[in-house]
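Residue-level structure breakdown
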Amino acid sequence: HVVGGFDWGVPVNGIPLLPATVTRLQLLEQSYEAIGNPAGAHRVKQLVAQGQTGCGKSQLAAHFCHLYRSAYEFICWIDCSDAGLIEANIRRFVQELTRTELVLSSDSAERFREVLASHRGPWLVVFDGVPARVNIDRFMPTQGNGSVLVTTTNETGWWPSAATLQVGPFTE
């Protein structure tokens, strides 16, 4: 860190290399407007990218991460397609971010939120392929210098304060 800045972003978990056959510049711009600059006052910005299966939500999120990786101190990519693995991934991220062992009896969700709230950031957390809000609600950071991007096929029941982005099928 030099004068409060940093040289590059550090992905905590590998961001998928999804081949971008068509760059969707308008959707990338809308995503950046929603979460590109972390909010002030230690409030987390949220974007929920919604659309049918196969419309490119994960591809858009991965492209966003690769394009803006230098704007974040770290990026956590959490594959939520298997609800059983979400907690294991969160636990691993906490251990990587704190460089400490997390005991099995501890609440990984609470510790994850604490770590993000206390980190100076900016950071980005991507919850990819979330079936429903209930699957990630307890892990959702509410404080900190960062942003959250959620991809989902579910268009109902998300946070009222979250920006939404409709990712439709390709038209051209």
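The coordinates are above.
What comes next is a walk through the structure. In this text, all values refer to a predicted model and were calculated from it rather than measured experimentally. (Residues numbered from 1 in each chain as written. Predicted model: local features only at pLDDT ≥ 70, side-chain atom pairs only at ≥ 80, totals over all residues. Heavy atoms only, no water.)

Moving on, we get to unusual backbone geometry. Looking along the chain, the bond that leaves Gly 121 and enters Pro 122 is cis, with omega of 5 degrees. Examined against the element boundaries, Pro 122 turns out to sit in the loop between α4 (108-118) and β4 (123-128). For Arg 99, which is not a glycine, the phi torsion comes out positive at approximately 55 degrees. The residue Arg 99 is located in the loop between α3 (83-98) and α4 in this model. (Helix = DSSP H or I, 4+ residues; strand = E, 2+ residues; numbered from the N terminus.)

Residues of helix α1 (residues 25-35) that are buried: Leu 27, Leu 28, Ser 31 and Ile 35. Within α1, the buried residues cover an arc of 100 degrees as seen down the axis, which keeps them to one side. Opposite the packed face of α1, turned more than 90 degrees from it, sit the exposed residues Leu 25, Gln 26 and Glu 33. Close packing links the buried residues of α1 with β2 (45-50), α2 (57-67), β4, β5 (146-152) and β6 (163-166). (Buried < 20%, exposed > 50% of the residue type's maximum accessible area, 1.4 Å probe, protein only. Arc of directions from axis to C-beta. Contact = heavy atoms within 4.5 Å.)

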